[in-house]
Amino acid sequence: MYRRRDTHRERLVAEITNNLRRYAADAQQVGHAFANLHGLNPTDLQALIAVMDAELLGEPITPGRLGEHLNLSSGSVTALIDRLERAGHIRRDRDTVDRRKVLLHYADQGAALAMEFFQPLGARTDTVMQRFDDDELEIVHRFMAEMGESLRDHRDAIRAARPEPPRRPTG
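We now turn to the structure provided with this report. This is a predicted model, so every value here is computed, not measured.

Considerations on the side chain of Asp95
Tracing the backbone through its elements, the reader meets Asp95 in the loop between strand S1 (90-94) and strand S2 (102-106). Buried Asp95, no salt bridge; nearest opposite-charge side chain is Lys101, N-O distance 4.0 Å. At a separation of 2.8 Å, a polar atom in the side chain of Asp95 contacts the main-chain amide nitrogen of Val97. Among all residues touching Asp95, those that are not within four sequence positions of it are Lys101 and Leu103.

Looking at helix H5 (residues 108-129)
Given a rise of 1.5 Å per residue, 22 residues ought to cover 32 Å, yet the end C-alpha atoms of H5 are separated by just 28 Å, more than 12% below that figure. Approximately 50° is the largest bend angle found in H5, and it occurs at Phe118, with the proline Pro120 only one to four residues beyond.

Concerning the pattern of salt bridges
In total, this model carries 8 salt bridges according to the counting rule given. Between Asp156 and Arg155 there is a salt bridge, with the nearest N and O atoms lying 3.0 Å from each other. Residue Arg155 is classed as partly exposed on the basis of its relative accessible area of 29%. Each of Asp82, Glu85 and Arg92 takes part in salt bridges that share partners, so that together they form one network.

About the cut-offs
Residues numbered from 1 in each chain as written. Predicted model: local features only at pLDDT ≥ 70, side-chain atom pairs only at ≥ 80, totals over all residues. Heavy atoms only, no water. Helix = DSSP H or I, 4+ residues; strand = E, 2+ residues; numbered from the N terminus. Buried < 20%, exposed > 50% of the residue type's maximum accessible area, 1.4 Å probe, protein only. Lys, Arg positive; Asp, Glu negative; His and termini not counted. Salt bridge = Lys/Arg side-chain N within 4 Å of Asp/Glu carboxyl O. Polar contact = N/O pair within 3.5 Å; in protein donor to acceptor, adjacent residues only side chain to side chain. Contact = heavy atoms within 4.5 Å. Expected span 1.5 Å × (residues − 1). Bend = angle between axes of the 7 residues up to and from the residue.

In structure tokens:
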């Protein structure tokens, strides 16, 4: 719609861009369905994804890093973590090396709920992946990694350009 489509490459780029946009919108709808089913709001869902992603990287996230990731104040992060912990989605653990540091983990109950909900989607994803050979998957992986990095860079630039919200006076 917003791209030239005169050449084969331009048509392909436009179609890929449209597919990415539709995929993102559809994924967001699936995520919202999970959130609604379990009484979560969109920020709760983003927090759970951040906790899960950090654990998958083997680097559990701290409340401070979660706040930076979600662009939330420390008070808002505390309320968010309290809410998710009470609902059984996450747990707080002390770092074994530095006991002052708190690490957030996906709780077993929350992981079980997510597994039950997303397992059919995982099976569908596996079926699609099986249609591609290893060389094709390497290219898709590189493309998706670079697109994700580009999107995060854009998100960070938008955040940096946004003026700080006015703080309420204390006292």
